[in-house]
Amino acid sequence: MDLSAVNWNVTIDDFDSLLTYTDQSAWNTPDPSIIGFNATSSPWLRGTFHNTTTKGASVCLNITGPSVYVYGNTGPSYGSYEVNIDTFTMQYSAFRESATDKSTLLFAASNLTYANHVIIVRNLGALPGAGDKGGDAFLLDYIDTTIQLAPAGATVQNATHEEHDPAITFTGIWGNNSSPNFSGGTSTFTNQDNASFSFSFHGSAIYVFGDKKNDHRFYSVTLDSSPPITLNGISGCGGAFGMTCEQQAPSIKYLASNLDDSLHQITLVNHANVNSSFFDLDSIVVTVPSQYGPRQLSTSSSPFASSVATTPSSISPGSATSIAKSSASATHSFALNAIHPLLFLTTLMFYLLRPTFGRPC
């Protein structure tokens, strides 16, 4: 962790649009919209997870920052998995003789260069040579990553702009919805093709939050003069287009950080296409520092600033109640003697560091 900056841990839930599942149909997840669903009684963040027994099923995340932590489950039904960071691949096993059945740290790297990184987690299924003795399952709960908001010593504060803030300008037809799950109790939505909103701001980071459902699909976001990026608002459950599997708890629909002190603008466009798919806006959160200090991105060919990543099994999972957690003075140091004995053996025998083809999600 870079102590010369204010570091901020962002928790990316398995339902968030920042994650790209190569094939949603290969994963199973609880439906947060069914009667009786209770996230507070679940050991999983917001009561959801993504579980697969399909070998090769993968999930991808683009980050800009020095660390990433992957949380999931371990037990007798789980096999091996690999974590790709840019051009490197590392292999581990989630097999345990007894089930954990709670959010468990599966992978940690706090020594990444400050650069744009592509993180891919892929299920490999049971590999007897890696010590696996059970099934082919892999379970993802959430991923933590670190963004940097300001130089060390600066203060930061988040400013929340609800969807009805006059600073947000809309084009097209937008409706209104209400729920106690929404920020401020309300949200706005559209299913019109090319309907959009724009928002200008000063800040070092920006988050866009919204609802997710199976009648949501693609939208694009343009920040300043950068090329637009396209994201998918489909529910974490995946499945056919329809009014199913709604997650009203605010999901991260877009995130940008490492911004300078100039006036920025984002424009988000809904691509409704033939299905007239929806986009829901709940709120926009801007991080405003007392001092700006955008970082220069590393040009190193290696994603690691120092020694390779480790995978301790004794570290408690992060808070499951907040989307962003401050860690301005925190560092993460993981020793090999903290690793589960079987995982330690697996790491020694089957830890792979081989070239792959890095690509954005």
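Just above sits the structure.
Let me begin by describing the structure that accompanies this report. Numbering of residues starts from 1 in each chain and follows the order in which that chain's sequence is written. Reporting in this predicted model follows two pLDDT cut-offs: at least 70 for local features of residues, and 80 or more for side-chain atom pairs to be given and counted; totals over whole chains, interfaces and linings ignore these cut-offs and use all residues. Here the side-chain values reflect all heavy atoms present in the structure, with hydrogen atoms and water set aside.

**Some words on the overall build of the chain**
Secondary structure follows DSSP: runs of H or I at least 4 residues long count as helices, runs of E at least 2 residues long count as strands, and numbering of each begins at the N terminus. When you go through the chain residue by residue, the secondary structure sums to one helix and 24 strands. Only heavy atoms enter the contact rule, under which two residues are in contact if any of them lie within 4.5 Å. Taking all contacts inside the chain whose residues are at least 6 apart in sequence as the whole, residues at least 24 apart take part in 82%. Carbon and sulfur atoms provide 55% of the accessible area of the chain, an area that totals close to 14800 Å². Surface exposure here means Shrake-Rupley accessible area, sampled with a 1.4 Å probe, where a residue is shielded only by the protein chains that are shown.

**Focus on the side chain of glutamine 148**
Tracing the backbone shows glutamine 148 in strand E10 (residues 138–151). A polar atom in the side chain of glutamine 148 sits 2.9 Å from the side chain of asparagine 7. Think of a polar contact as two N or O atoms within 3.5 Å of one another; within protein, one of them needs to be a possible hydrogen donor and the other a possible acceptor, and neighboring residues in sequence only count if both atoms come from side chains. Engagement of the side chain of glutamine 148 in a polar contact is seen with the side chain of arginine 295, the distance being 2.4 Å.

**Here's the deal with the nonpolar core**
We call a set of buried Ala, Val, Leu, Ile, Met, Phe, Trp, Tyr and Cys residues a nonpolar core when their side-chain atoms join them within 4.5 Å. Three labels apply to residues, based on accessible area from a 1.4 Å probe with only protein chains included: buried if under 20% of the type maximum, exposed if over 50%, partly exposed otherwise in between. Counting 43 residues, the largest nonpolar core has Leu19, Leu61, Val68, Ile85, Phe107 and Leu140 as its most contacted members. The greatest single-element share of this core, amounting to six residues, is contributed by E10. Those residues in contact with leucine 140 that sit more than four places away from it in its chain are Asp14, Leu19, Tyr21, Phe49, His50, Val59, Val70, Tyr71 and Gly72.

**Some remarks on the packing of aromatic side chains**
Centres within 6.5 Å make a pair out of two Phe, Tyr or Trp rings, where for Trp the six-membered ring is used; the pair is then stacked when the planes are under 30 degrees apart, edge-to-face when over 60, and tilted otherwise. If you walk through the whole model with that rule in mind, you get 15 aromatic pairs. A ring pair is formed by tyrosine 81 and tyrosine 92, whose centres lie 6.0 Å apart and whose planes are at 35 degrees; its orientation type is tilted. With tyrosine 81 in strand E6 (residues 80–85) and tyrosine 92 in strand E7 (residues 88–93), this residue pair connects regions lying eleven residues apart in the sequence. No difference in accessibility class separates tyrosine 81 from tyrosine 92, as the two residues are buried. Put simply, the rings of Phe170, Trp174, Phe197, Tyr219 and Phe279 pair up and form one aromatic cluster.

**A few points about empty space enclosed by the protein**
Throughout, the protein atoms alone are placed on a 1 Å grid, and a set of points is a cavity if a 1.4 Å probe fits but cannot get out or a pocket if it is open with protein on both sides within 12 Å along at least five of seven lines; lining residues have an atom within 4 Å of a point. Grid points are joined across faces, edges and corners, and a volume is the space filled by probe spheres set on the points. As enumerated under the stated definition, the model contains three cavities of 30 Å³ or more in all. Taken together, Ala5, Gln148, Leu149, Ala150, Ser204, Asn258, Leu259, Gly293, Pro294 and Arg295 form the lining of the largest cavity.

**Re the sheet that holds strand E11 (residues 156–162)**
At least two bridges found by DSSP between two strands are what make those strands a pair. On the basis of which strands lie adjacent, the open sheet formed by four strands has the order E11-E22-E16-E19 and antiparallel pairing. Looking at which strands have only one partner, the edges of the open sheet turn out to be E11 and strand E19 (247–256). In this sheet, adjacent strand axes meet at a mean angle of 25 degrees when their direction is disregarded. Both E11 and strand E22 (residues 283–289) contribute to a ladder of seven bridges, which runs antiparallel. Its bridge partner lying in E22, valine 156 is registered against proline 289. Note on geometry: axes are lines fitted to C-alpha atoms, helical ones only across the stretch in contact, with angles between N-to-C directions running from 0 to 180 degrees.

**What to know about the sheet that holds strand E21 (residues 279–281)**
If you walk across this open sheet you meet the three strands as E13-E14-E21, and the pairing is antiparallel. Looking at strand neighbours, the two that pair on one side only are strand E13 (175–178) and E21, the edges of this open sheet. Taken pair by pair, the neighbouring strands of this sheet meet at an average axis angle of 35 degrees, ignoring direction.

**Notes on the state of the cysteines**
In plain terms, two cysteine sulfur atoms within 2.5 Å form what is called a disulfide here. Summed over the entire model, instances satisfying the criterion amount to two disulfides. Note on cysteine connectivity: cysteine 60 is disulfide-linked to cysteine 361, with sulfurs 1.9 Å apart. For the disulfide bridge between cysteine 60 and cysteine 361, the dihedral angle about the S-S bond is near -85 degrees, and by the sign convention the bridge is left-handed. Taken together, the residues cysteine 60 in strand E4 (residues 58–64) and cysteine 361 in the segment after strand E24 (354–355) connect sequence positions 301 residues apart. The side chain of cysteine 237 participates in a disulfide bridge whose partner is cysteine 245; the two sulfur atoms lie 1.7 Å from each other. Disulfide cysteine 237 to cysteine 245: torsion about the S-S bond roughly 40 degrees, handedness right-handed. Along the chain, the cysteines that take part in disulfide bonds pair up as 1-4, 2-3, counted in sequence order.

**Let's talk about the layout of surface pockets**
Estimated volume of the largest pocket: approximately 1200 Å³. Lining of the largest pocket is provided by 44 residues; of these, Asn62, Thr64, Ile229, Tyr254 and Leu255 occupy positions nearest its centre. Those elements that provide at least two residues to the lining of the largest pocket are strand E2 (19–21), E4, strand E9 (116–125), E10, strand E17 (218–223), strand E18 (229–232) and E19.

**Some points on the pattern of salt bridges**
For this analysis, a salt bridge means a side-chain nitrogen from Lys or Arg found within 4 Å of a carboxyl oxygen belonging to Asp or Glu. Taken as a whole and judged by the stated rule, the model has three salt bridges. With a closest N to O distance of 2.7 Å, arginine 122 and glutamate 82 form a salt bridge. Taken together, the positions of arginine 122 in strand E9 and glutamate 82 in strand E6 put the pair 40 residues apart, joining distant regions of the chain. Neither residue differs from the other here; arginine 122 and glutamate 82 are each classed as buried. The partner of glutamate 97 in a salt bridge is lysine 133, and the shortest N-O contact between them spans 3.4 Å. One end of the pair, glutamate 97, is in the loop between E7 and strand E8 (104–109); the other, lysine 133, is in the loop between E9 and E10, with 36 residues separating them in the sequence. The pair glutamate 97 / lysine 133 is uniform in exposure class, with both members exposed.

**What about the pairing of E17?**
Taken together, the four bridges between E17 and E18 define a ladder with antiparallel strand orientation. What sits directly across from phenylalanine 218, in E18, is asparagine 232. Linking E17 to E18, which pair antiparallel, is a turn of five residues; within it aspartate 224 sits at a positive phi near 55 degrees. Sheet topology places E17 next to strand E20 (residues 264–270); five bridges connect them, and they run antiparallel. Bridging across to E20, leucine 223 finds its partner in isoleucine 266.

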